[in-house]
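# Examining the three-dimensional arrangement
Take a look at the letters that make up each chain.
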Amino acid sequence: MRPSLPPLLACALGLWAAAAASYALGEGMEKGPCLLVAAFGGVLAAVAAAALWRGRHVLACSAFLGVALGLACGGAGAAALHDAMAQAEEASALVWRFEALEDGQASAYGAQCRARATAADGRSFVVRVSFPEGVEPPRYGDAFEARSRLSRPEGTTASYCWQQGTAAVARVDDVAPLERDGLVGLLLGVRVRAVEALSAAGGDAAALLQALVCGWRGSLGDSALYADFKATGLAHLVAVSGAHLVIVSGCVALALRALRAPHALAVVLQAAFLLAYLVFAAAPVSAVRAACMALAGMSACFARRRPAPLNALSLCVMALVATSPHTAVSVSFALSAGSTLGIVLLSGLFGSWMEALPVRLPRFLRDAFALTFASGVVTVPASAALFAQLSLVSPWANALASPLFALVCTGGLVAALAALAVPAAASAAVGLAGAAARVLAALVHALAGVPFASVPVGAPVVPLIAASALAVFLLWRFWPRPRGRTLLVAAGAAAILLGAYVVAVPRLAGHEIVMLDVGQGDAFLVRSEGSAVLVDTGNRDQALREGLARHGVWRLDAVMVTHGDDDHCGSLASLRGVVGVGRVCVARDALSCPCASCRGLCADACALVGGDALCGLEVGDVVRCGAFELAVVWPRAFSDEGGNADSLCLLARADVDHDGFVDWTALFCGDAEAEQLAELVGSHAVGTVDVYKVGHHGSRAALDDAVAAALSPCIALVSVGENNRYGHPAPETLERLDRVGARVFRTDEQGDVSCELTADAIDVVTLR
């Protein structure tokens, strides 16, 4: 049965969309214009309310009212944040009291977290805190005192902070932890002990239990296990949300029923427990949304009315966006609320489709598929565009993992409580929960290993969101009920078309060298005749996936990593489950080098392709890719402990017309600079080249006059991040390349750069 659309839902969706648009646009405006937008929204709201009072076209008027209120909320929120930024920048206090609003994250440059900073005079601001290296990331609710100057966010950090409603950034020193008192302090202490107790499960099982039960993802982080969850479309399981609250609430309800508590008292106790669990799980926005809906449903019993999920969702959306306008642009909130909307609106439709199939599936599979498809219609297009990854095994993964998820989540919760209440039972309880978690992890790992478990995606967000909204409306409006055989034929045709696309598109590409725009890092694609090799990966996972998707790359014959620096191999592990990789090639000495970067590189490679497919190359080895031969010309032996001077250098020779003669040459040199290139030129291992991948992102020492003259490239490719802090590429390097007649192409200015090789010419095509 098709659910009806309540006016409150139209109002909520209008408010959400308008608030997101006005708040996002407010970043590029001043405080005054933002206030004008808010005032204009208020005037429109009065007009819409008057029209709604007349009782005509209720649904349209409700949507209009929502849009007006959204403009008011978004404009006011943007103005308030501009004001907070100005005040924070002018604040003279040196000592601040901080309270972490989320679990901190460790990075190569020290830990970071979002926190509320309060001065002695009572002024407070939401800030992004950076800690010195060696300081452990704080956990949600931790309080500490530190010396700092607040400053306005700049560069790429500014947009990130705006989306989070953050007024300033703070680099702290002399961090002094503070005790938290009261009920909140008690709950936070319980959480810390629960995380520690669950760590006894060990390895991936402990990381999984800590994330599922406590919302603590410090151990999960960017691990291979989390990459598997993302590849299978199951990342939502390790973010505390509605499903977790349902399990927790169910456990509490069973306990209260066993105690024969009166219904009204049971509802109050359940509500109290849900609020306590929010604090225990670090109050992520997805869980806050789910808790608001649950509380709205519970309150229906006191009003003696049946729960209305769409109205509860609408009230939740309106309340959260009105109180925190930056929530309107929150990705996690959008995916959480969108998933719920899809399930409530369309699960009945997809359930009828499952019933109509001529193949009889078990009931739990039919229900799981129906919920996955209903949720996916709303969330998959947006998440695919936002994270540049589309899981193709998601329906099966959700169906198979759901029972195990419920078991692991329940078992983990019981184990944590048992470990805290009865320490003697901790070992057995955590052991049982850990065993279940290992089964779930093994299942997810196996599904992520399925060929084409997920594929890279490169598409703009707004058009996909619009297409998703249109699809939801059309499905709800027409409520199609095709026959089971028609559904099977349609699904089969879609699978065949997708398979043909994945197989055929790579073979349509010519002979080309592509410099992918991955920011301040290297990632070069060499492909020919259906084969593809990636030289380095950069360290921005999403940028790499988007780049591969733009060029229709679903499988790589090999990934060749020049050296272990993060900006050259940081995204290697993220390829698992996204594109198939035949082997990973590194310099032979990197296999035995004891430095941390080489050890990390080899570990990531083994996790991606297994130890047998990790290859060590030395001078003279050749890797073939269609019409290309990539010959190793450096290093002869490590002299820099796997650093820049030990970069794997490759001389690519292309015989594109297959007449037995080399048509074009290209040099890839990682971060090798003039000193290493001079040795190559002096030993005649390298001469003039047609395409030169400028070493070390065009640093000042990338090449000297003699090396530039010896190479005399026609095309020079510089992979570099926009406004990077290193000043790359150096003006001296660009001048040298210009003097020898090279055409310089840069990712920071032109995005992806494709060099298409034919027998007669090299055609250069840029993304922008």
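Residues numbered from 1 in each chain as written. Predicted model: local features only at pLDDT ≥ 70, side-chain atom pairs only at ≥ 80, totals over all residues. Heavy atoms only, no water.

## Things to note about the overall build of the protein chain
When you go through the protein chain residue by residue, the secondary structure sums to 24 helices and 26 strands. Relative to the globule expectation of 27 Å for 768 residues, the C-alpha radius of gyration of the protein chain, 28 Å, shows essentially globular dimensions. Across its three principal axes, the protein chain shows a C-alpha extent of roughly 90 × 70 × 65 Å. The buried share of the protein chain, taken over its 768 residues, is 51%. The long-range fraction of contacts in the protein chain, counting pairs at least 24 apart against all pairs at least 6 apart in sequence, stands at 71%. Entry remark: accessible area of the protein chain is about 33,900 Å², with carbon and sulfur atoms responsible for 61%. Both charge centroids of the protein chain, one from 54 positive and one from 65 negative side chains, sit 17 Å from each other. (Helix = DSSP H or I, 4+ residues; strand = E, 2+ residues; numbered from the N terminus. Rg over C-alpha atoms; globule rule 2.2 N^0.38 Å. Buried < 20%, exposed > 50% of the residue type's maximum accessible area, 1.4 Å probe, protein only. Contact = heavy atoms within 4.5 Å. Areas by Shrake-Rupley, 256 points an atom, 1.4 Å probe, with all protein chains shown as cover. Lys, Arg positive; Asp, Glu negative; His and termini not counted. Charge placed at Lys NZ, Arg CZ, Asp CG, Glu CD.)

## As for the pattern of salt bridges
Where charged atoms from two side chains of opposite charge come close, those side chains can pair. On inspection of all chains with the given rule, the structure shows 24 salt bridges. E355 is the salt-bridge partner of R363, the closest N and O atoms lying 2.6 Å from each other. By relative accessible area, R363 is classed as partly exposed at 48%. Between E512 and R527 there is a salt bridge, with its nearest N and O atoms 2.6 Å apart. Of the two residues, E512 is situated in strand β10 (residues 511–515) and R527 in strand β11 (residues 524–528); the sequence distance between them amounts to 15 residues. Accessibility expressed as a relative area gives 6% for E512, which makes it buried. Residues participating in the shared-partner salt-bridge network are E355, R360, R363, R366 and D367. (Salt bridge = Lys/Arg side-chain N within 4 Å of Asp/Glu carboxyl O.)

## Digging into the nonpolar core
Of all hydrophobic cores here, the largest spans 52 residues; its most connected members are L208, C214, F229 and V238. At the level of elements, α5 (182–198), α6 (203–214), α7 (224–231), α8 (242–258), α9 (263–280), α10 (285–303), α14 (394–421) and α15 (426–448) are the ones that each hand at least two residues to this core. Looking at this core, the element that brings in the most residues is α14, giving 10 residues. Setting aside residues no more than four positions away along its own chain, C214 makes contact with R191, A194, V195, L198, L209, F280 and A281. One finds A312, L313, W353 and A399 within the second-largest nonpolar core, a separate group that totals 48 residues. (Core = buried A, V, L, I, M, F, W, Y, C linked by side-chain atoms within 4.5 Å.)

## Overview of the pairing of strand β16 (residues 584–587)
Two faces belong to every sheet, and in a regular strand the side chains alternate between them. Judged from the 2 bridges that link them, strand β14 (residues 558–560) and β16 form a sheet pairing that is parallel. Bridging from a neighbouring strand, M560 pairs with C585 of β16. The parallel pair β16 and strand β17 (residues 614–617) is bridged by helix α20 (residues 596–609), and the resulting crossover is right-handed. (Pairing = 2+ DSSP bridges. Right-handed = clockwise from strand over helix to strand, strands pointing away.)

## Observations regarding a nonpolar patch on the surface
Side chains of L470, F473, L474 and F478 sit close together on the surface and give an oily, nonpolar patch of about 420 Å² of accessible area. Among the structural elements, L470 can be located in helix α16 (residues 461–478). (Patch = residues over 30% accessible without salt bridge, like charges linked within 9 Å, V, L, I, M, F, W, Y side chains within 5 Å.)

## Here's the deal with the sheet that holds strand β20 (residues 649–654)
Pairing in this open sheet of 7 strands is mixed, and the strands run β18-β19-β20-β21-β22-β23-β24 from one edge to the other. What marks the edges here is a single partner per strand, and that holds for β18 (622–625) and β24 (743–746). Within this sheet the neighbouring strands show an average axis-to-axis angle of 20°, counted without direction. Pairing between strand β19 (residues 628–634) and β20: 6 bridges, direction antiparallel. Considered in β20, the bridge of E629 is made with R653. This element, helix α21 (residues 674–682), spans β19, β20, β21 (664–668) and β22 (691–693) of the sheet and lies at about 110° to β19. (Axes fitted to C-alpha atoms, helices over the stretch in contact; angles between N-to-C directions.)

## As for the sheet that holds β14
Backbone hydrogen bonds hold the strands of a sheet together, and the pairing may be parallel or antiparallel. The mixed open sheet is built from 8 strands, whose spatial order is β17-β16-β14-β12-β11-β10-β25-β26. Here the strands that pair on one side only, and so sit at the sheet edges, are β17 and β26 (762–766). The average angle at which neighbouring strand axes cross in this sheet is 20°, direction not considered. Sheet topology note: the β10/strand β25 (residues 753–757) ladder contains 5 bridges and is antiparallel. Counterpart to I513 in the pairing with β25 is C755.

## Topic: the packing of helix α13 (residues 363–387) against α14
Closest axis-to-axis distance for the α13/α14 pair is 9 Å, and the angle between their directions is 125°. Comparing their axes, α14 and α13 come out oblique. Relative to α14, α13 is oriented so that their crossing is right-handed. For the pair formed by α13 and α14, the contact residues are F364, L365, A368, F369, T372 and F373 on the first element and S394, P395, W396, N398, A399 and P403 on the second. The residue makeup of the contact of α13 with α14, split by class, is 9 nonpolar, 3 polar and no charged. (Parallel < 35°, antiparallel > 145°, perpendicular 65-115°, else oblique. Left-handed = near helix turned anticlockwise from the far one by under 90°. Nonpolar A, V, L, I, M, F, W, Y, C, P; charged D, E, K, R; others polar.)

## Brief notes about the environment of E675
Among the structural elements, E675 can be located in helix α21. A C-alpha to C-alpha distance of 29 Å links E675 and D752, two positions 77 residues apart in sequence.

## Describing the packing of α5 against α9
Running from N to C, α5 and α9 point in directions that differ by 60°, and their axes come no closer than 9 Å. As far as their axial angle goes, α9 and α5 are oblique. The two elements α5 and α9 meet at a crossing, and its hand is right-handed. Mapping the contact onto sequence places V184, L187, L188, V190, R191 and A194 in α5 and A276, V279 and F280 in α9. Grouping the constituent residues of the contact of α5 with α9 by class yields 8 nonpolar, no polar and 1 charged.

## Concerning the packing of aromatic side chains
Any pair of aromatic rings gets described here by the distance separating the centres and the angle formed by the planes. Enumeration over the complete set of coordinates arrives at 12 aromatic pairs. Ring geometry for F98 against F144: centres 5.3 Å apart, planes inclined by 15°, an arrangement best described as stacked. Of this pair, F98 sits in strand β1 (residues 95–100) while F144 sits in strand β4 (residues 143–147), placing them 46 residues apart in sequence. One exposure class covers both F98 and F144, and it is buried. Members of the aromatic cluster, joined through ring pairs, are F350, W353, F369, F373 and W396. (Phe/Tyr/Trp six-rings, centres within 6.5 Å; stacked < 30°, edge-to-face > 60°.)

## A word on the side chain of T166
Note that T166 resides in the loop between α4 (156–164) and β6 (168–171). When sequence neighbours within four positions are dropped, the list of residues in contact with T166 reads L81, M85, R114, V126, V127, R128 and C161.

## Some details on helix α18 (residues 541–550)
Looking at α18, one finds that the buried residues are A543, L544, R545, G547, L548 and A549. G552 sits one or two positions beyond α18 and adopts a positive phi of about 65°.

## What to know about the side chain of N724
Within the secondary structure, N724 is located in the loop between β23 (715–718) and α23 (731–739). Looking at N724, its side chain comes within polar contact range of the main-chain oxygen of G721, at 2.9 Å. (Polar contact = N/O pair within 3.5 Å; in protein donor to acceptor, adjacent residues only side chain to side chain.)

## Observations concerning the pairing of β17
Of the two faces of β17, the one lined by L614 and G616 and the one lined by C615 and L617 are each fully buried. Two strands pair when backbone bridges link them, and β16 and β17 are joined in this way by 4 bridges, in the parallel orientation. Looking at β17, one finds that C585 is bridged to C615.

## Brief notes about the environment of P713
Tracing the sequence through the fold places P713 in the loop between α22 (705–711) and β23. The buried category is assigned to P713, whose relative accessible area is 2%. P713 sits 25 residues away from T688 along the chain, and the two C-alpha atoms are 6.6 Å apart. The contacts of P713, once residues within four sequence positions are left out, are V689, D690, Y692, A708, L737, V740, G741 and A742.

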